[in-house]
Amino acid sequence: DFSPVHGEPGVWFAQVTCDADGDWILLAHMTDPVGQTSDLVRSSFTIDMTKPVINLTFDNNDSANGNYYKANRTATITVFDRNADLSATQIMVTAKDSHGKPVPAPAPSAWTVSSAGSQSRIRNEKTWKATVAFTGECRYSISVRSADKAGNVAESMKESEFIIDKTLPDLSITDVADQTAYAGAIAPRIDSSDANLDDYATTYTLKAAHTRIRPWTSCRRSTGRRPARTWLTGTSPISFPMTTITP
């Protein structure tokens, strides 16, 4: 109902409460006591009090040692909202080489949009999706933040650093030849190198003809880009096959 405005003769007002998410259309007109009707006034607006929701998922979650992956990963970013603002939605990706030096990071795909369907929280909610493919051997991180056109800010999502390593370690045995007999003392050498060498998963077995074999020793060394571990034998003579020794 319209009510007169105090102190302003001939001015009337009415209040309408709009307190739910949705696209609103407000129509108003007035007819005076002698039957004269004003023009129709129309106003449309949107009320959005719901924050966007971000999901960050990966197609490959088969990790080793927490955050190492031996195959490519693809991230899918999903934003649920009726009025997502893509200019206020950022996908931030970082990439570093094995030395921690920044390198070009993979770019996100273009956004696609569809109806949220059965996943909808509110009427007419939409689903916005983008992907990021991680295919290079690097150290990566990804984070996502979003806000909608009404200024509602979503809770950000992130994946802490993870490493993709698809290269097998280099392994070599030197200072001894396979299926060869030696009359004197020998000291075989085993070299294993990799950008992400796992000391605990790198083992060796020695079969010897003598029981008085000095313990093998190991030391770290640098081979340029790739860290390595080297095992050096003692000087006791060995032949095959006999006792098994593990470090």
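Residues numbered from 1 in each chain as written. Predicted model: local features only at pLDDT ≥ 70, side-chain atom pairs only at ≥ 80, totals over all residues. Heavy atoms only, no water.

(A) Seen up close, the packing of aromatic side chains. Considering all chains together, one arrives at seven aromatic pairs under this definition. Ring plane angle 0° and centroid distance 6.5 Å describe the contact between Trp 24 and Phe 45, whose orientation is recorded as stacked. In this pair, Trp 24 sits in strand S3 (residues 22-28) while Phe 45 sits in strand S4 (residues 41-47), placing the two residues 21 residues apart along the sequence. Judged by its relative accessible area of 27%, Trp 24 falls in the partly exposed class. On the basis of an interplanar angle of 85° and a centroid distance of 6.0 Å, the ring pair of Tyr 69 and Phe 162 is categorised as edge-to-face. Separated by 93 residues along the polypeptide, Tyr 69 in strand S6 (residues 68-69) and Phe 162 in strand S12 (residues 157-164) bring together distant segments of the chain. Every member of this aromatic cluster is reached through a ring pair, and the members are Phe 58, Tyr 69, Phe 134, Tyr 140 and Phe 162. (Phe/Tyr/Trp six-rings, centres within 6.5 Å; stacked < 30°, edge-to-face > 60°. Helix = DSSP H or I, 4+ residues; strand = E, 2+ residues; numbered from the N terminus. Buried < 20%, exposed > 50% of the residue type's maximum accessible area, 1.4 Å probe, protein only.)

(B) Spotlight on the pairing of strand S7 (residues 73-81). Within S7, seven of the nine residues are buried, which leaves it mostly tucked inside the rest of the structure. One ladder, built from nine bridges, connects S7 with strand S10 (residues 126-134); its direction is antiparallel. Within S10, the position partnered with Asp 81 by the bridge is Lys 126. (Pairing = 2+ DSSP bridges.)

(C) Spotlight on the sheet that holds strand S5 (residues 53-58). Across the sheet, four strands lie side by side as S5-S7-S10-S9; this open sheet has antiparallel pairing. Looking at the sheet topology across the chains shown, the edges are occupied by S5 and strand S9 (112-115). Averaged over all pairs of adjacent strands, the angle between their axes in this sheet comes to 25°, without regard to strand direction. (Axes fitted to C-alpha atoms, helices over the stretch in contact; angles between N-to-C directions.)

(D) Quick peek at the confidence of the model for the protein. On average, the protein scores 82 in pLDDT, and the residues at 70 or more come to 80%. Across residues 220-225, where pLDDT falls below 50, the model places 14 contacts with residues more than four positions away in sequence or in other chains. Across residues 230-247, where pLDDT falls below 50, the model places 64 contacts with residues more than four positions away in sequence or in other chains. (pLDDT = per-residue confidence, 0-100. Contact = heavy atoms within 4.5 Å.)

(E) A look at the environment of Ile 186. Topologically, Ile 186 is positioned in the loop between strand S13 (170-174) and strand S14 (189-193). Looking at Ile 186, the relative accessible area reads 12%, which means it is buried.

(F) Molecular detail of the pattern of salt bridges. The tally for this structure, following the rule as stated, stands at four salt bridges. One salt bridge connects Glu 159 with Arg 73, and the closest N-O pair in it is separated by 3.4 Å. With Glu 159 in strand S12 and Arg 73 in strand S7, the pair connects residues that are 86 residues apart, well separated along the chain. A salt bridge links Arg 189 to Asp 191; the nearest nitrogen and oxygen atoms lie 3.2 Å apart. Classification of Asp 191 as buried rests on a relative accessible area of 11%. (Salt bridge = Lys/Arg side-chain N within 4 Å of Asp/Glu carboxyl O.)

(G) Molecular detail of the nonpolar core. The biggest cluster of nonpolar side chains holds 22 residues, and the ones touching the most others in it are Ile 77, Ile 91, Phe 134 and Ile 142. Looking at this core, the elements that each hand over two or more residues are S5, S7, strand S8 (90-96), S10, strand S11 (139-145) and S12. It is S10 that provides the largest number of residues to this core, a total of four residues. Not counting the four nearest positions on each side in its chain, Ile 77 is found in contact with Ile 54, Asn 55, Leu 56, Ile 91, Trp 111, Trp 128, Lys 129, Ala 130, Thr 131, Val 132, Ile 142 and Val 144. (Core = buried A, V, L, I, M, F, W, Y, C linked by side-chain atoms within 4.5 Å.)

(H) The side chain of Asp 165, seen in detail. Checked against the element boundaries, Asp 165 lands in the loop between S12 and S13. With residues up to four places along the chain from it excluded, the contact list for Asp 165 reads Tyr 69, Lys 70, Glu 137, Asp 194 and Asn 196.

(I) Geometry of the sheet that holds S12. Taking strand neighbours across the sheet as the criterion, the four strands line up as S6-S12-S11-S8 in an open arrangement whose pairing is mixed. With partners counted over all chains shown, the strands left at the sheet margins are S6 and S8, one partner each. Pairing between S6 and S12: two bridges, direction parallel. Directly across from Tyr 68, in S12, lies its bridge partner Ile 163.

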